[in-house]
Amino acid sequence: MKIALTNEALQWFKHEMEVEPGDTIRFYARYGGSSPFHEGFSLGMTREEPIAIGAEAVIDGVTYYIDEKDLWFFNDHNLHVDVDASLDELQYKYRT
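Residues numbered from 1 in each chain as written. Predicted model: local features only at pLDDT ≥ 70, side-chain atom pairs only at ≥ 80, totals over all residues. Heavy atoms only, no water.

(A) Inspection of the sheet that holds strand S7 (residues 89-95) at higher detail. Strand order across the open sheet formed by 3 strands is S1-S6-S7, with mixed pairing between neighbours. Each edge of the open sheet is held by one strand with a lone partner, namely strand S1 (3-5) and S7. Here the average twist between neighbouring strands, direction ignored, is 25 degrees. The strands touched by helix H1 (residues 7-16) are S1, strand S6 (78-84) and S7; relative to S6, the strand with the most contacts, the crossing angle is about 70 degrees. (Pairing = 2+ DSSP bridges. Helix = DSSP H or I, 4+ residues; strand = E, 2+ residues; numbered from the N terminus. Axes fitted to C-alpha atoms, helices over the stretch in contact; angles between N-to-C directions. Contact = heavy atoms within 4.5 Å.)

(B) Local environment of empty space enclosed by the protein. By the definition in use, this model includes 1 cavity of 30 Å³ or more. There is about 30 Å³ of room inside the largest cavity. For the largest cavity, the full set of lining residues is Leu10, Lys14, Val19, Ile59, Asp60, Val62 and Tyr64. At the level of secondary structure, the elements contributing two or more residues to the lining of the largest cavity comprise H1 and strand S5 (62-67). The residue inventory of the lining of the largest cavity, partitioned by class, reads 5 nonpolar, no polar and 2 charged. (1 Å grid on protein atoms, 1.4 Å probe; cavity = no way out; pocket = protein on both sides within 12 Å on 5 of 7 lines; lining within 4 Å. Points joined across faces, edges and corners; volume = space filled by probe spheres on them. Nonpolar A, V, L, I, M, F, W, Y, C, P; charged D, E, K, R; others polar.)

Have a look at this one:
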């Protein structure tokens, strides 16, 4: 599984979360909402130190990752993170 972030997403993290080299951002399965694969679950994101990385992308010194225990959520798809310009919020896409 791979994690990809667009330049717009990277800028969003810099401006909204003030990420700096050495920071770690976790994408995780959370209860509530919906996703293309699991009704009642959606994708969340937080600044958190990793315990057991299942997938990661290190860009400009920032580690964006998914914990091993959350890999089930993605159904063998890759995570593509972009920004919805009209809402100025992150947009998640799941690609094979």
